[in-house]
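Each chain, written out:
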Amino acid sequence: MDQPLGRLSDPFPPEDAYVICLLLREHPNTSYWESGRQVSAASLRAGDITIHDLKREPLVLVDKPMHLLKLYLPRTALDALADDANVPRIEELRYDPGVGVADETVKNLGLSLLPAVRAPDQVSRLFMDHLTLGLGAHVAQTYGGMQVHSKPIQGGLAPWQEKRSKEMLASELTGATPLSEIALACGLSVSHFSRAFRRSAGLAPHAWLLHARIEAAKAMLREREASLSMIALACGFADQSHFTRVFTRRVGLSPGAWRKYLAG
């Protein structure tokens, strides 16, 4: 928001959920309100995060330009994380109202999400699932006190689970299949499946999918019949430009140059 409102922000609908704000620019002397009264006036630095309980009707005086990333975390997600880890559900997140916290994990995960916000058609659902799962778990443990005593995964997926999950991933190269759906098909929780898949395949699910996209593209390039734009769409890329950028970064040659190299 480059043009300040000069008034309090519009209220969120009250609900059992939190908003985590990652400040992308400095915001000095920020007047913050909860439940109808001002509770703080703190200076926020770029890279800080603030936590807001939507049950408390959070508001901020928007008298300066603001640039931030808002991350929505409903109670249902926090409960699902605890149930998944087989630990007690947390009651509330602990935070100082309106006060910024330097949290490198949320900062780095948030910055990793920015490309997805700017170009959502170029990011797979699996990648978003992977980041948001990690973000939610970090917040639940760091600010909710959720204790996770996960046992080390001694083995990976069973052969049938690995085969089934890879088939599901490869059948939708756009990455549109939710991680939860694949985990359910394997009879595992999302976090257990993610760890076991990495142990079996050597890559996280979204990274394995990207590898599968590149291999599928190489197979089509070898056939020399399809255009680059057709290959891009068939292999789950947003468009030819997206395909060329990712392929070049992973292979070291553009798709066109790689095809010419095969031809000698």
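Below, the structure is looked at part by part.

Each value, and the rule that gives it
- Residues numbered from 1 in each chain as written.
- Predicted model: local features only at pLDDT ≥ 70, side-chain atom pairs only at ≥ 80, totals over all residues.
- Heavy atoms only, no water.
- Pairing = 2+ DSSP bridges.
- Helix = DSSP H or I, 4+ residues; strand = E, 2+ residues; numbered from the N terminus.
- Phe/Tyr/Trp six-rings, centres within 6.5 Å; stacked < 30°, edge-to-face > 60°.
- Buried < 20%, exposed > 50% of the residue type's maximum accessible area, 1.4 Å probe, protein only.
- Contact = heavy atoms within 4.5 Å.
- Axes fitted to C-alpha atoms, helices over the stretch in contact; angles between N-to-C directions.
- Salt bridge = Lys/Arg side-chain N within 4 Å of Asp/Glu carboxyl O.
- Expected span 1.5 Å × (residues − 1).
- Bend = angle between axes of the 7 residues up to and from the residue.
- Polar contact = N/O pair within 3.5 Å; in protein donor to acceptor, adjacent residues only side chain to side chain.

1. Looking at the sheet that holds strand 1 (residues 7-8)
Then step 1. Taking strand neighbours across the sheet as the criterion, the four strands line up as 1-6-3-4 in an open arrangement whose pairing is antiparallel. Among the strands making up the open sheet, the edge pair consists of strand 1 and strand 4 (37-44).
Then step 2. With two bridges joining them, strand 3 (residues 27-34) and strand 6 (residues 59-62) adopt antiparallel strand pairing. The residue of strand 6 that forms the bridge with Tyr-32 is Val-60.

2. Side note on the packing of aromatic side chains
Two aromatic rings, taken as a pair, are described by how far apart their centres are and by the angle between their planes.
Then step 1. As enumerated under the stated definition, the model contains five aromatic pairs in all.
Then step 2. With centroids separated by 5.2 Å and ring planes inclined at 45 degrees, the aromatic side chains of Phe-237 and Phe-243 adopt a geometry described as tilted.
Then step 3. Phe-237 gets classed as buried once you look at its relative accessible area, which sits at 3%.
Then step 4. Given the relative accessible area of 0%, Phe-243 is considered buried.
Then step 5. Plain terms: the ring middles of Phe-247 and Trp-258 are 6.0 Å apart, the flat faces sit at 75 degrees to each other, and that makes the pair edge-to-face. Residue Phe-247 is located in helix 9 (residues 240-251), and its partner Trp-258 is located in helix 10 (residues 255-263); the two are separated by eleven residues in the primary sequence. Neither residue differs from the other here; Phe-247 and Trp-258 are each classed as buried.
Then step 6. In this structure an aromatic cluster arises from ring pairing among Phe-237, Phe-243, Phe-247 and Trp-258.

3. What about the sheet that holds strand 8 (residues 101-102)?
Then step 1. Read across the sheet, four strands follow the order 7-2-5-8 without closing on themselves; strand pairing throughout is antiparallel. The open sheet terminates on both sides in strands that have one partner only, identified here as strand 7 (68-74) and strand 8.
Then step 2. Packed onto the sheet, helix 1 (residues 75-85) meets strand 2 (17-23) and strand 7 and runs at close to 65 degrees relative to strand 7.
Then step 3. On top of the sheet, helix 3 (residues 125-144) reaches strand 2, strand 5 (48-53), strand 7 and strand 8; it is set at about 80 degrees to strand 7, its chief contact.

4. Describing unusual backbone geometry
Then step 1. One non-glycine residue, Asn-29, lies in positive phi territory at about 45 degrees.
Then step 2. In this fold, Asn-29 is placed in strand 3.
Then step 3. Judged by its relative accessible area of 46%, Asn-29 is partly exposed.
Then step 4. The phi angle at Arg-224 is positive, at roughly 65 degrees, despite the residue not being glycine.
Then step 5. Mapped onto the fold, Arg-224 is located in the loop between helix 7 (205-223) and helix 8 (228-234).
Then step 6. In this structure Arg-224 comes out as partly exposed when scored by relative accessible area, which is 47%.

5. Regarding the pattern of salt bridges
Then step 1. Under the counting rule described, the total for this entry stands at 16 salt bridges.
Then step 2. Arg-7 is the partner of Asp-10 in a salt bridge, and the nearest nitrogen-oxygen pair spans 3.1 Å.
Then step 3. Among the residues examined, Asp-10 registers a relative accessible area of 52% and is labelled exposed.
Then step 4. For Asp-48, the salt bridge is made with Arg-45, and the minimal N-O distance between the two is 3.2 Å.
Then step 5. Residue classification places Arg-45 among the exposed positions, given a relative accessible area of 51%.
Then step 6. Here the residues in one salt-bridge network are Asp-16, Glu-34, Asp-53, Lys-55, Arg-56, Arg-75, Asp-79, Asp-83, Arg-89 and Glu-92, joined through shared partners.

6. Structural notes on helix 2 (residues 104-118)
Then step 1. Here helix 2 spans 22 Å end to end across 15 residues, near enough to the 21 Å set by a 1.5 Å rise per residue.
Then step 2. Taking the largest bend as the criterion, helix 2 deviates by roughly 25 degrees, centred on Ser-112, and proline Pro-115 comes between one and four positions later.
Then step 3. Along helix 2, the residues that are buried comprise Val-106, Leu-109, Gly-110, Leu-113, Leu-114 and Ala-116.
Then step 4. Of the surrounding secondary structure, the elements contacted by the buried residues of helix 2 are strand 2, strand 5, strand 7 and helix 3.
Then step 5. With a side-chain oxygen lying 3.0 Å from the backbone nitrogen of Thr-105, the N-terminal cap of helix 2 falls on Asp-103.

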